[in-house]
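Topology and contacts: notes
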Amino acid sequence: MYPPQLGYYRPVSLSDALDFLSNGDVKPLAGGQSLIPMLKFRILKPKFLLDLNPLKELNHISVGEDSVIIGATVTHDSLVKSGTVRIDLPLLHQSAKKVGDMQVRNMGTIGGSLANADPSADYPAVVTAYNAKLRLQSSKGVREVEAKDFFKGPYTTELREDELLVEIVFPKLKGYNYKYAKVVRRAGDFALVGMAVLAKVDGVMKDIRIAYTGVSDKPFRPYELEKSLLDTKPSENVIRDFAEKVASQVNTPSDSRGSSEYRKKVMKALTVNTLKEVLGVVS
Ligand SMILES: Cc1cc2nc3c(=O)[nH]c(=O)nc-3n(C[C@H](O)[C@H](O)[C@H](O)COP(=O)(O)OP(=O)(O)OC[C@H]3O[C@@H](n4cnc5c(N)ncnc54)[C@H](O)[C@@H]3O)c2cc1C
């Protein structure tokens with residue numbers, strides 16, 4: 001199956017790309033792992049593709065004192081191979097290793113995955129757990145959006161037609177335990193249920209952030225339930241109670257990967273096992 005006839009633009013700089021994007025009916029092309037199939041199936045029929053791959057401005061990992069900034073066209077494989085990401089953003093590093101297969105990781109990008117906002121993708125949960133900020137830029141200027149406000153629903157985000165996601169700003173967190181856990185039916189699949197956890201424990205839970213993928217139409221973070229765990233000593237009972245309550249807060253979807261009921265069971269089991277590991281609770 002071939003994509004429809006369309007134009008292709010190769011920009012020489014970010015400002016050139018943003019000017020071209022402002023013409024309208026243009027789709028940014030990153031790794032093409034989601035966009036090309038959508039073109040082939042005629043789900044999208046833009047007039048032009050704007051190739052982001054020549055833009056050096058979008059392909060960097062920069063370390064500041066309190067943050068790590070990742071450009072939108074950094075591939076999954078570059079995240080896996082980056083020493084900075086492994087040391088300063090271990091949760092992101094762990095999740096990047098679990099995206100698709102080797103071919104997808106070689107081509108697909110963090111910006112493409114976030115802009116695509118698949119309800120079962122891995123990074124939306126990860127950026128939500130980190131409280132990361134997403135930098136969106138048009139020819140008129142730059143704005144920063146909190147991860148929790150970026151995702152609006154399935155394949156729908158805060159991005160306007162004339163904007164690119166240019167960078168993701170992650171805070172450097174010190175002294176946190178972490179885990180990205182993912183249940184898949186077959187190796188290389190999108191998540192049936194995925195879960196990103198960051199926790200600071202000093203006898204009791206000082207901070208805990210939990211974000212799920214695959215259980216709702218966008219990343220799900222149970223903020224109020226997280227608060228109820230603070231200053232509590234981690235134990236099997238506390239974790240099992242949390243798992244029951246969190247699963248009752250979502251209307252898990254049914255699709256080819258699993259029924260709603262099955263997803264909910266998986267969500268509970270994944271929550272118990274992952275929290276026990278992250279919080280150091282032994283049965
Ligand atoms: C077989 C297979 C298995 C996969 N498994 C997983 C998985 O397990 N977990 C997972 O999370 N993902 C998975 N994916 C998706 C993969 O992560 C893709 O890389 C991702 O969805 C899209 O990234 P991309 O760079 O290829 O973007 P593209 O396909 O090029 O673009 C996707 C969409 O985002 C827009 N876009 C891209 N970049 C920007 C930008 N900087 N600013 C604004 N809009 C932009 C495009 O216009 C398009 O609408 C899988 C894909 C395949 C094909």
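Above this text you will find the structure in question.
Below or above, wherever it landed, is the structure these notes cover. Fair warning: this is a prediction, and the values are worked out from it, not measured in the lab.

Rules and cut-offs
Residues numbered from 1 in each chain as written. Predicted model: local features only at pLDDT ≥ 70, side-chain atom pairs only at ≥ 80, totals over all residues. Heavy atoms only, no water. Helix = DSSP H or I, 4+ residues; strand = E, 2+ residues; numbered from the N terminus. Expected span 1.5 Å × (residues − 1). Buried < 20%, exposed > 50% of the residue type's maximum accessible area, 1.4 Å probe, protein only. Contact = heavy atoms within 4.5 Å. Axes fitted to C-alpha atoms, helices over the stretch in contact; angles between N-to-C directions. Parallel < 35°, antiparallel > 145°, perpendicular 65-115°, else oblique. Nonpolar A, V, L, I, M, F, W, Y, C, P; charged D, E, K, R; others polar. Pairing = 2+ DSSP bridges. Phe/Tyr/Trp six-rings, centres within 6.5 Å; stacked < 30°, edge-to-face > 60°. Near = heavy atom within 4 Å. Polar contact = N/O pair within 3.5 Å; in protein donor to acceptor, adjacent residues only side chain to side chain. Areas by Shrake-Rupley, 256 points an atom, 1.4 Å probe, with all protein chains shown as cover.

To continue, consider helix H12 (residues 260–279). Here H12 contains 20 residues, and its C-alpha end-to-end distance of 28 Å stays within 8% of the 28 Å for a straight helix at 1.5 Å per residue. What H12 keeps buried is the set Arg263, Val266, Met267, Leu270, Thr271, Val272, Thr274, Leu275, Lys276, Val278 and Leu279. Looking at the packing, one finds that the buried side of H12 touches strand E11 (177–183), strand E12 (193–202), strand E13 (204–213) and helix H11 (236–248). Once H12 finishes, Gly280 follows within two positions and takes phi at roughly 70°, a positive value.

Here we take up the packing of helix H5 (residues 90–97) against helix H8 (residues 123–130). Remark: H5 packs on H8, axes separated minimally by 10 Å, with the N-to-C direction vectors making an angle of 175°. Classed by the angle they form, the pair H5 and H8 counts as roughly antiparallel. Residues Pro90, Leu91, Leu92, Ser95 and Ala96 of H5 lie in contact with H8, whose contacting residues are Tyr123, Val126, Ala129 and Tyr130. Among the residues making up the contact of H5 with H8, the classes are represented as eight nonpolar, one polar and no charged.

All right, on to the sheet that holds strand E3 (residues 48–51) then. Taken in spatial order, the three strands make up an open sheet running E1-E3-E2, and their pairing is parallel. Taken across any chain shown, the strands that pair with only one partner, and hence form the sheet edges, are strand E1 (7–9) and strand E2 (26–29). Strand-to-strand twist of the sheet, defined as the mean angle between neighbouring strand axes without regard to direction, takes the value 30°. Where helix H1 (residues 14–21) meets the sheet, it contacts E1, E2 and E3, and its direction lies at approximately 165° from that of E3.

Quick look at the packing of aromatic side chains now. In the structure shown here, the tally under the stated rule is five aromatic pairs. Arranged with centres 5.0 Å apart and planes meeting at 90°, the rings of Phe150 and Phe151 form a pair that is edge-to-face. Like Phe150, the residue Phe151 is buried in the burial classification.

Among the 31 residues in the neighbourhood of the ligand, the closest are listed as Pro28, Ser34, Leu35, Thr109 and Asp122. With respect to the ligand, the backbone of Gln33 contributes an N or O atom lying 2.8 Å from an oxygen atom. Surface burial for the ligand is 90%, taken as the share of its 960 Å² of free accessible area covered by protein chains. Only E2, helix H7 (110–116) and strand E10 (164–171) provide two or more residues apiece to the shell around the ligand. Element by element, the count of residues in the shell around the ligand is highest for H7, at four residues. Here the residues of the shell around the ligand sort into 14 nonpolar, 12 polar and five charged.

That's the geometry; what it means functionally is another story.
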